[in-house]
Amino acid sequence: MTRRDNLADAQSAPSADSVRRAERHLPSGSDFISAVLDTVGALIVVLDREGRIVLFNQACAKATGYTYAEMEGQPFWEVLLLPDEVPAVKSVFAELAAGNFPNKHVNHWLTREGEARLISWSNTALVGRNREVEFVIGTGIDITEHASLERQLQQAQKMEAVGRLAGGVAHDFGSVLTAINGYVERASRRLDEDDPARSDLQGVLRACDRGSDLIRRLLVFSRRREGKPEALDLDALVAETSGMLRRVIGDDIRLVMDLQAEPGRVIADRSQMEQVLLNLAVNSREAMPEGGELRIRTREVTLDDSQARIHGNVEPGDYVMLQITDTGTGMDAETLSHVFEPFFTTKEDGTGLGLSTVYGIVKGFGGHILVESEEERGTDFQVYLPATS
Ligand code: ADP
Ligand code: MG
């Protein structure tokens, strides 16, 4: 008897009444089951008591790139799971095998290509004649895209809230600084040229300047300062900045330019766009203390509805993309989820204002920014600005 027949014969849970009724009207139970299993969109995988795969439907094959023939009899743990997630999945399996079903679980499957897909599972078990669990059945839905959209939405909401807070504080604190400045200037006018208090007041003014600079950066982040927009040729702008970028990154880092956004015009502020390039390049340099490669790429891209959604619910349309890739230290997932927040830094002497400024500038001109990073491999920023003719 093949495992598949065995499965069809196994006595199923009471909820299978409707299936039994259907079986009475259909030519053969196992044909019926195969037909359903292989057309249904959900992933269905069945394991025996030892966790070996006995059934792997078409949807599983499509999602993973493995065929049923390849998977049949394979120990589930060794082929499809991320090593980190094996213990959790084993304990879910143990619960089912102990008769505690149904249950639900979310974990990744590794495809043949090495891609991790996030799957939401509803699991149950089939009890045999001896009342022992014989098979465990998982029915899964691939929620990779859904989960990533949800994360992006949360991220966007978080940035909105932080932006409002930062903007509010910067605005009100700006008024306080203006008042301090005014009083100090008045007071120093009343002092004699050689009054020793003058140098103290100079110190107050210098501290005010530092405060103003901080406020200016926070206002850029919260988009309360929009700059002077004009139509810019992005390739030309990047080319013009290359001298400065080369000086910034030093001799140990190779600068590779691949500028093909022609005509690639965007509406933005020239000095703010230089700031974007500079802040990204400085971060890349700091991530490559032993040298490496900084690649700057520009392209014109059209985002259709579904691509725009993948980018985090942005407007579909024509964009000019500016991509900055380094071969530096990269970031872990935790760092990655905070990079655009003002004052977030992992550096001892960092300000945490570089990327928040970039974020504010890009958003200010109707653009968006994506970041991908892998530890020890490097980081990739993609800035998208709406294209204009
Ligand atoms: P700062 O550079 O002052 O720390 P930023 O806002 O520029 O502040 O960056 C925030 C954090 O993001 C950095 O501290 C670092 O952890 C991380 N980061 C930014 N860019 C990169 C990069 N290219 N490679 C690795 N980590 C980066
Ligand atoms: Mg920085």
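Residues numbered from 1 in each chain as written. Chains lettered and ligands numbered in written order. Predicted model: local features only at pLDDT ≥ 70, side-chain atom pairs only at ≥ 80, totals over all residues. Heavy atoms only, no water.

### What to know about the packing of aromatic side chains
Right, so step 1: One pass over the full model with this rule turns up 9 aromatic pairs.
Right, so step 2: Taking 5.2 Å as the distance between ring centres and 80° as the angle between the ring planes, the aromatic pair formed by W77 and F93 counts as edge-to-face. One end of the pair, W77, is in helix α6 (residues 76-79); the other, F93, is in helix α7 (residues 86-97), with 16 residues separating them in the sequence. An identical accessibility class is assigned to W77 and F93; each is buried.
Right, so step 3: Ring plane angle 80° and centroid distance 6.2 Å describe the contact between Y319 and Y384, whose orientation is recorded as edge-to-face. Here Y319 is found in strand β10 (residues 317-326), whereas its partner Y384 is found in strand β12 (residues 378-388), with 65 residues between them in sequence. Of the two residues, Y319 and Y384, neither departs from the other in class, the shared state being buried. (Phe/Tyr/Trp six-rings, centres within 6.5 Å; stacked < 30°, edge-to-face > 60°. Helix = DSSP H or I, 4+ residues; strand = E, 2+ residues; numbered from the N terminus. Buried < 20%, exposed > 50% of the residue type's maximum accessible area, 1.4 Å probe, protein only.)

### Focus on a negative patch on the surface
Right, so step 1: A contiguous patch of negative charge, built from D332, E334, E375 and E376, is present on the exposed surface.
Right, so step 2: In this structure, E376 sits in the loop between β11 (368-374) and β12. (Patch = residues over 30% accessible without salt bridge, like charges linked within 9 Å, V, L, I, M, F, W, Y side chains within 5 Å. Areas by Shrake-Rupley, 256 points an atom, 1.4 Å probe, with all protein chains shown as cover. Salt bridge = Lys/Arg side-chain N within 4 Å of Asp/Glu carboxyl O. Lys, Arg positive; Asp, Glu negative; His and termini not counted. Charge placed at Lys NZ, Arg CZ, Asp CG, Glu CD.)

### Observations concerning the UniProt feature "domain: PAC" (unreviewed entry) in the protein
Right, so step 1: Following the UniProt record, one finds the feature "domain: PAC" (unreviewed entry) at residues 99-155.
Right, so step 2: Spanning residues 99-155, this segment combines 21% helix with 53% strand, and its end C-alpha atoms are found 40 Å apart. (UniProt positions renumbered as here; feature names shortened; annotations may be inferred.)

### Describing empty space enclosed by the protein
Right, so step 1: Following the criterion strictly, the structure yields 2 cavities of 30 Å³ or more and no others.
Right, so step 2: Here the largest cavity is characterised by a volume of approximately 170 Å³.
Right, so step 3: In terms of lining, the largest cavity is formed by 17 residues, of which the most central are L47, F76, V89, W121 and N123.
Right, so step 4: If you tally residues by element for the lining of the largest cavity, the top one is α7, at 4 residues.
Right, so step 5: Partitioning the lining of the largest cavity into residue classes produces 13 nonpolar, 4 polar and no charged.
Right, so step 6: V220, R223, R225, E226, Q272, G360, I361, G364 and F365 are the residues that line the second largest cavity.
Right, so step 7: Residue classes in the lining of the second largest cavity are distributed as 3 nonpolar, 3 polar and 3 charged. (1 Å grid on protein atoms, 1.4 Å probe; cavity = no way out; pocket = protein on both sides within 12 Å on 5 of 7 lines; lining within 4 Å. Points joined across faces, edges and corners; volume = space filled by probe spheres on them. Nonpolar A, V, L, I, M, F, W, Y, C, P; charged D, E, K, R; others polar.)

### Thoughts on the pattern of salt bridges
Right, so step 1: Inspection of every chain in the model, using the stated rule, returns 19 salt bridges.
Right, so step 2: E115 serves as the salt-bridge partner of R117, at 2.8 Å between the closest nitrogen and oxygen.
Right, so step 3: Overall, the relative accessible area of 14% leaves R117 in the buried class.
Right, so step 4: A salt bridge links K347 to E286; the nearest nitrogen and oxygen atoms lie 2.5 Å apart. Taken as a pair, K347 in the loop between α13 (333-336) and α14 (354-364) and E286 in helix α11 (residues 270-287) lie far apart in primary sequence, 61 residues in all.
Right, so step 5: A relative accessible area of 31% places K347 in the partly exposed class.
Right, so step 6: On the basis of relative accessible area, E286 is assigned to the partly exposed category, the value being 39%.
Right, so step 7: Taken together, the salt bridges that share partners define one network made up of E115, R117, D142 and E145.

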